[in-house]
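# Fold and geometry: a report
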Amino acid sequence: MRLARPDNRRGANFTTSTAWVSTSSIRKGPCRAVIIGSGFGALTAARRLAKAEVDVTVISRTSHHLFQPLLYQVATGLISEGQIAPQTRVVLRTQKNARVVLGAVERIDVAEGTVTVRSLDRISAFAYDSLIVAAGADQSYFGHDEFAEFAPGLKTIDDALELRGRILGAFEQAELSDNPEERARLLTFVVVGAGATGVEMAGQIAELASTTLRGAFRSIDPTDARVIPIDAACEILPAYGGRLSRRAAHRLERAGVEIRLETMVVDMDYDGLDVRDSDGRVHRIDAQCKIWSAGVSGSPLGRQLAAQTDVELDRAGRVKVAPDLTVPGHPEIAVVGDMVSIDGVPGMAPAAIQAAAYAAEGIRMRLAGEPTMPRERFRYWDKGSMATVARYSAIAKIPIPGTAKSVELAGFWAWVGWLVLHLLYLVGFRNRFTTLIDWMFSFTTRSRNQLAITEQQVFARTAIDELEQRRRDDAAA
């Protein structure tokens, strides 16, 4: 199989004049590969194509590559956002065949082979011969999107900074209040969801209140703060289960965290939330600061692919790809990362990295003219999972290859392993070094370096949403 220049495609402003498809002619120029996203999947795919004869265009709605597993540490003041979010353009600056485009993808046109991007009021279109969609996932409120106004998720830098402002701002407001009921409401923090993110957030808020802020106020005692993670499941960290979940729960309870399981949120407002417990009774939790970590939904780009192809979506909006990670009937389109639904492949950074490397290798095979159909299915190598619970405490579950058994660790050594692993996943030596210094300083003292907050952090999201809605209304009128 060889590559040749196709007829000009319509309806797109191409940045160059060379676009390529598979035909029987001789290839005379580079293929065009478009990668949507800037997470681990997108970055890995771009790097794997560094030495291939291909023009790589990375399109992302943010200017940075984000290491999401450490967002909770930005939200609780342990590290700065820059340490986990290096600029994508700088990361790829030495890769001469890669171009980075900042903008939101508005449309993927499968028939024309183009991606339309909006950056402010500028509309651009990019042709592709191979497309890797690694757009990630958004927070899911299970049909109650109105909850987002009162309980931000934790998926972006903006989310982390907003939560930092809400958490620390609650202590500041409580310091000024003379009303005991209002103080209690301000000093109650509810985390919806007791998976890894929810447990890590709950543990860090408890530690922030009991150590970092202790003695810093004159009218309140921060150690009076209540931290309440709630979940519909019967145990925290259900992906680990059994002994590890019990160990994690015991450690959180020692830190004063009030765990409520088999509990579902039924309503929410500015001052608190209504929850239904396992007996079916509904009761009220008064809490101004609420954090949502209960679910994810696939990128809206998945719905675009489903509308134009035969691919199906699961209940969370994730794409049910073929075993080789491509869209059925469209071998030129691969989907990787959090927006993929495939048995045995979790929405985690290691899975995204492995899937992206596999997808990039598929592009290289097509360029080399190697037969790609049928291709051996993607196989995920599960290297295990880890979650930190509190200072000096974490859990880890590491599968034993070739067996159904796993090595389970809990406590200090699991925590050390967690630290090492997450340092290795950070991009750039400087980010690893400064993060290590911040961790050493924080873990050996009770101080944190990143506790600055502003009103803009707290209110910018809702203000931007209102402006966007007003723009849509004006456009419709």
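Residues numbered from 1 in each chain as written. Predicted model: local features only at pLDDT ≥ 70, side-chain atom pairs only at ≥ 80, totals over all residues. Heavy atoms only, no water.

The name an unreviewed UniProt entry assigns to the chain is NADH:ubiquinone reductase (non-electrogenic), from the organism Gordonia bronchialis. Listed under Catalytic activity (unreviewed entry) in UniProt, the entry text for the chain is "a quinone + NADH + H(+) = a quinol + NAD(+)". In its Sequence similarities (unreviewed entry) section, UniProt records this for the chain: "Belongs to the NADH dehydrogenase family." (UniProt positions renumbered as here; feature names shortened; annotations may be inferred.)

## Notes on the domain arrangement of the chain
Annotation of the chain at the domain level lists domain 1 (32-139 + 297-368) and domain 2 (146-294 + 384-462). Each of domain 1 and domain 2 was reduced to a C-alpha centroid, and the two centroids are 29 Å apart. Contact residues are listed per partner, giving 33 residues for domain 1 and 36 residues for domain 2. Taken over both partners, the interface formed by domain 1 and domain 2 buries close to 2800 Å², and the fraction arising from carbon and sulfur atoms is 66%. At the boundary of domain 1 with domain 2, the tally comes to zero salt bridges. Here domain 1 is connected to domain 2 by nine residue pairs in polar contact (both at pLDDT 80 or more). Contributing elements (two or more residues each) for the side of domain 1 that touches domain 2: α1 (40-48), α2 (71-75), β10 (137-139) and α9 (349-367). Tallying contributions element by element places α2 first for the side of domain 1 that touches domain 2, with five residues. (Domains from an automatic or database assignment. Contact = heavy atoms within 4.5 Å. Buried area = accessible area lost by both parts, 1.4 Å probe. Salt bridge = Lys/Arg side-chain N within 4 Å of Asp/Glu carboxyl O. Polar contact = N/O pair within 3.5 Å; in protein donor to acceptor, adjacent residues only side chain to side chain. Helix = DSSP H or I, 4+ residues; strand = E, 2+ residues; numbered from the N terminus.)

## Details of the UniProt feature "domain: FAD/NAD(P)-binding" (unreviewed entry) in the chain
In this structure's numbering, the residues bearing the UniProt feature "domain: FAD/NAD(P)-binding" (unreviewed entry) are residues 33-356. Measuring from the first to the last C-alpha atom of residues 33-356 gives 13 Å, for a span that is 28% helix and 27% strand.

## Things to note about the pairing of strand β25 (residues 406-411)
Across six bridges, strand β24 (residues 393-399) lies against β25 in antiparallel orientation. In the strand pairing of β25, Ile 398 is matched with Val 407. In this antiparallel pair of consecutive strands, β24 and β25, the connection spans six residues, and Gly 402 shows a positive phi of 80°. (Pairing = 2+ DSSP bridges.)

## Points about helix α10 (residues 412-425)
The end-to-end C-alpha distance of α10 is 20 Å, a good match for the 20 Å that 14 residues give at a rise of 1.5 Å each. Taken as a whole, α10 has its buried residues at Ala 414, Trp 415, Trp 418, Leu 419, His 422 and Leu 423. In this fold, the buried residues of α10 make contact with α2, α6 (196-212), β23 (385-390), β24, β25 and α11 (429-444). (Expected span 1.5 Å × (residues − 1). Buried < 20%, exposed > 50% of the residue type's maximum accessible area, 1.4 Å probe, protein only.)

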